[in-house]
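Now for the letters of each chain:
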Amino acid sequence: MLFRSIVDRGVGRRRQNALPADPRPRYPLSSLLQGYQCARHDEHISYGNLGDSVPPFGLAFSSAGNLQNVLAAANEEGIVRIYNTENRENPLLKEWLAHENAVFDIAWVPGEPQV
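Residues numbered from 1 in each chain as written. Predicted model: local features only at pLDDT ≥ 70, side-chain atom pairs only at ≥ 80, totals over all residues. Heavy atoms only, no water.

A closer look at the overall build of the chain
Thought 1: Within the chain one finds two helices and four strands.
Thought 2: Helices and strands in the chain line up, N terminus first, as α-α-β-β-β-β.
Thought 3: The proportion of buried residues among the 115 residues of the chain is 24%.
Thought 4: Counting only contacts in the chain whose residues sit at least 6 apart along the sequence, the fraction spanning at least 24 positions is 39%.
Thought 5: Total accessible area on the chain is roughly 8,900 Å²; 53% of this is exposed by carbon and sulfur atoms. (Helix = DSSP H or I, 4+ residues; strand = E, 2+ residues; numbered from the N terminus. Buried < 20%, exposed > 50% of the residue type's maximum accessible area, 1.4 Å probe, protein only. Contact = heavy atoms within 4.5 Å. Areas by Shrake-Rupley, 256 points an atom, 1.4 Å probe, with all protein chains shown as cover.)

A word on the side chain of Arg81
Thought 1: The topology assignment puts Arg81 in strand β3 (residues 79-84).
Thought 2: On the basis of relative accessible area, Arg81 is assigned to the buried category, the value being 11%.
Thought 3: Only 2.8 Å separates the side chain of Arg81 from the backbone oxygen of Tyr47, close enough to count as a polar contact.
Thought 4: Filtering out sequence-adjacent residues up to four positions away, Arg81 remains in contact with Ser46, Tyr47, Gly48, Leu71, Ala72, Ala73, Asn75, Leu92, Lys94 and Glu95. (Polar contact = N/O pair within 3.5 Å; in protein donor to acceptor, adjacent residues only side chain to side chain.)

Some thoughts on the side chain of Asn75
Thought 1: As for its position among the elements, Asn75 is in strand β2 (residues 70-75).
Thought 2: Judged by its relative accessible area of 1%, Asn75 falls in the buried class.
Thought 3: There is a polar contact of 2.9 Å between the side chain of Asn75 and the backbone nitrogen of Glu77.
Thought 4: Setting aside anything within four residues of it in sequence, one finds Asn75 in contact with Ser46, Tyr47, Gly48, Val54, Pro55, Pro56, Phe57, Arg81, Ala102 and Val103.

Right under this line is the structure:
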């Protein structure tokens, strides 16, 4: 969101003033990206039916009042898993085979505890 607003501000200024683009970036992308780092304990590996790691294709946090720490993850093999991200010892709440092939996206019913 910060990056998007910075880019939009710069594009809008160039349109209004009809000036050429500034060759020196005022906000280097590297400095913006340094704030986004994944801690090793937050890493998630998605496993398929045979125990092999498979890429997760869809991830969504619940927007329900007291369940905003609950994450739904769908993977390449059609498995959907619900995780409590605040429980490090036993985060898996539920899992099921939702489809016989890849599930590319997942969403919660807005404000409800339903996927």
